[in-house]
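# Structure at a glance
Listed below are the residues making up each chain.
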Protein chains: 2
Amino acid sequence: MIADPAARQEIPDATVARLPQYLRALSDLADRGILSVSSEELAASAGVRSAKLRRDLSHLGSYGVRGVGYGVEMLAHEITRELGLARDWPVAIIGVGHLGHALASYVDLTTQGFQVVALLDRDCELIGQVIAGMVVGSVDDLERIVIERGVAIGVIATPAQPAQKLCDRLVAVGVRSVLNFAPCALSVPEGVDVRKVDLSTELQILAFHQQRKSPAGHRRTPLLEVAP
Amino acid sequence: MIADPAARQEIPDATVARLPQYLRALSDLADRGILSVSSEELAASAGVRSAKLRRDLSHLGSYGVRGVGYGVEMLAHEITRELGLARDWPVAIIGVGHLGHALASYVDLTTQGFQVVALLDRDCELIGQVIAGMVVGSVDDLERIVIERGVAIGVIATPAQPAQKLCDRLVAVGVRSVLNFAPCALSVPEGVDVRKVDLSTELQILAFHQQRKSPAGHRRTPLLEVAP
DNA sequence: GCGACTTTGTGTACGCGTTCACAAACATCT
DNA sequence: AGATGTTTGTGAACGCGTACACAAAGTCGC
Ligand SMILES: NC(=O)c1ccc[n+]([C@@H]2O[C@H](COP(=O)([O-])OP(=O)(O)OC[C@H]3O[C@@H](n4cnc5c(N)ncnc54)[C@H](O)[C@@H]3O)[C@@H](O)[C@H]2O)c1
Ligand SMILES: NC(=O)c1ccc[n+]([C@@H]2O[C@H](COP(=O)([O-])OP(=O)(O)OC[C@H]3O[C@@H](n4cnc5c(N)ncnc54)[C@H](O)[C@@H]3O)[C@@H](O)[C@H]2O)c1
């Protein structure tokens, strides 16, 4: 009984990773009252090439009109549905330090298909405190809270050391999606998705390219470079 | 016997993106007093396959010893040099809200080739306050501060709306590496690198896969799948 | 010194994603 | 209705990154 074409065929990972950008661009257009948009315009808003955008959207189906473009509202709705944001996903944040605090206060989430339903920490000073309108719970109650509140996505914002064990505990009680901010690789069984966000890595990649730009040394003024 | 060619040939982007992971794994090994490591072991620590690791390292040169493995200290040093982390890169953080605050307090950075030399915000309440041992400056002084302190990397942690303009101002005074936390695409001239970190995008990607896992309907995770 | 064993570095094949370029499809105007 | 113009959706070619498999190169034991 699949009413929707949600199970049409596999959507490439690279495409899935860009759908959120398209969705955000579409939301901006909708806010400005724009009803229709061409692939050229939408691609520019999202920072990609139009051919790539059209190829991506073609994986969702034919939602455009030749000679006109895409209906903003309709396309936004389709992407929302495809990404599974029609309902709210219950999210738990483990580790309410600097980063966890920022994440908990990130209201943008609540308007985009997610709801933070649990904040957990080990620190007795934090447990019981109210942060972003939610009481911090004890990490000792992780299993009970995750089950009770139907947590679908776990966010790990603790130091690296306890991350693997916390991840194991989440997986053991049914969490199959984990977002990891700790600077370490997590190993999970088949069927569990882990995505990692690592500020240090991003900066180091920038540093690599920056070094290539100014190979000589500490000079700040850009010198002419030999471009082959 | 190959010389010491830092500018040997182009290192693939995909490889560069993994070098930080290898470096972190090597640091852990070094802390545990391990002197030598095989590609199999190091790959496991970093969460990749050994063939991929060896291919990646081969782009840096031949730093392994057949039949033995790689010298931990030596390889860490080589990667550090290749990434340009031998010196400290001056970093400016624009926007000292929840996220900017967390970033400023992220001490891990200072031990890894970066130094936060400026915190800038627009909010008069924040300007003048000391956060993570640094006085918050006014974003009005962005140009002066960036030049005076030799900022090489700019981190944008403001809302999306002012992000493009702030980026333009950074680029105008010589910043050629930008890390963007605002949920929007930044357009920059040739020669400037922008990397984006987007929590919402990551969660939405997880939601997509999560939806595919539980296609049936609105059932919460059935109460516990017990493995005695 | 020599054979057995270990591990690297890489030739090669393959699959995925991107890009180009264009015919098909639709709207609009006369 | 037909001509004209615009934009989508996609076949096809290309390039990059990954995975396999193994010869080369080293160590270790005797
Ligand atoms: N601060 C940043 O900007 C930033 C950026 C990227 C990544 N990170 C990473 O995110 C993680 C958190 O960073 P942070 O700055 O918030 O650190 P933090 O020290 O401020 O917060 C860590 C929190 O985790 C809690 N914690 C520790 N062990 C725990 C356990 N076993 N169970 C539950 N909670 C536990 C601590 O009580 C603390 O509240 C670190 O791994 C860090 O490397 C931080
Ligand atoms: N909080 C999170 O966990 C999180 C996660 C991912 C992305 N983000 C993004 O990071 C950005 C910041 O998030 P936040 O939670 O820290 O928001 P915030 O509102 O707490 O902080 C924003 C800060 O930027 C400052 N600011 C606004 N306009 C400015 C300008 N023109 N120049 C200088 N400073 C200016 C504000 O004064 C404020 O201090 C947002 O774009 C948000 O979408 C936040």
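Let's shift gears to the site of ligand 2. In the vicinity of ligand 2 lie 23 residues, with Tyr106 of chain A together with His98, Leu99, Asp121 and Thr158 of chain B positioned nearest. Per-site note: the chains with residues close to ligand 2 are chains A and B. Between Leu103 of chain A and ligand 2, the recorded distance is 3.4 Å, taken from a backbone N or O atom to an oxygen atom. At 2.5 Å, a side-chain N or O of Asp121 of chain B approaches an oxygen atom of ligand 2. In the complex, 84% of the free accessible area of ligand 2, which totals 820 Å², lies under the protein chains. Where the shell around ligand 2 is concerned, the elements lending two or more residues are helix 5 (98-104) of chain A together with helix 5 (98-104) of chain B.

Rotating chain B by 180 degrees about the axis while translating it 0.0 Å along that axis superimposes it on chain A, leaving an RMSD of 0.0 Å. In symmetry terms, the pair is related by a two-fold rotation axis. Mapped onto chain A, 93% of the interface residues of chain B again fall at the interface, so both copies present the same surface.

Right, let's talk about the nonpolar core for a bit. Core analysis: the biggest nonpolar cluster contains 99 residues, and Ile79 of chain A together with Ile79 of chain B have the highest contact counts within it. Once residues within four sequence positions are removed from consideration, Ile79 of chain A is found in contact with Leu19, Tyr22, Leu23, Leu26, Leu57 and Leu60 of chain A.

Looking now at the state of the cysteines. In the structure shown here, the tally under the stated rule is zero disulfides over all chains. In this model Cys184 of chain A remains outside any disulfide bridge; the closest cysteine sulfur is found in Cys167 of chain A, 8.9 Å from its own.

Low pLDDT means the predicted coordinates in that region are not meant to be read closely. Residue and element names in this part refer to chain A. Here chain A averages 91 in pLDDT, while 90% of its residues score no lower than 70. Of the regions scoring below 50 in pLDDT, residues 1-7 engages in seven contacts with residues more than four places distant in sequence or in other chains. Here residues 217-228 is modelled with pLDDT under 50, and outside its nearest four sequence neighbours on either side it reaches eight contacts, counting other chains as well.

Quick look at the protein's contact with DNA strand D now. With respect to spatial proximity, 24 residues lie near DNA strand D, and among them Ser39, Arg55 and Tyr70 of chain A together with Arg18 and Arg55 of chain B are the closest. Backbone atoms, meaning sugar plus phosphate, form 61% of the atoms of DNA strand D positioned within 4 Å of the protein. One nitrogen or oxygen atom from the side chain of Arg54 of chain A is found 2.9 Å from a base nitrogen belonging to DNA strand D. Elements represented by at least two residues in the surface near DNA strand D include exactly helix 3 (50-58), strand 2 (64-65) and strand 3 (69-71) of chain A together with helix 1 (13-31) and helix 3 (50-58) of chain B.

Each value, and the rule that gives it
Residues numbered from 1 in each chain as written. Chains lettered and ligands numbered in written order. Predicted model: local features only at pLDDT ≥ 70, side-chain atom pairs only at ≥ 80, totals over all residues. Heavy atoms only, no water. Near = heavy atom within 4 Å. Polar contact = N/O pair within 3.5 Å; in protein donor to acceptor, adjacent residues only side chain to side chain. Areas by Shrake-Rupley, 256 points an atom, 1.4 Å probe, with all protein chains shown as cover. Helix = DSSP H or I, 4+ residues; strand = E, 2+ residues; numbered from the N terminus. Least-squares fit on C-alpha atoms with pLDDT ≥ 70 in both. Contact = heavy atoms within 4.5 Å. Core = buried A, V, L, I, M, F, W, Y, C linked by side-chain atoms within 4.5 Å. Buried < 20%, exposed > 50% of the residue type's maximum accessible area, 1.4 Å probe, protein only. Disulfide = S-S within 2.5 Å. pLDDT = per-residue confidence, 0-100.

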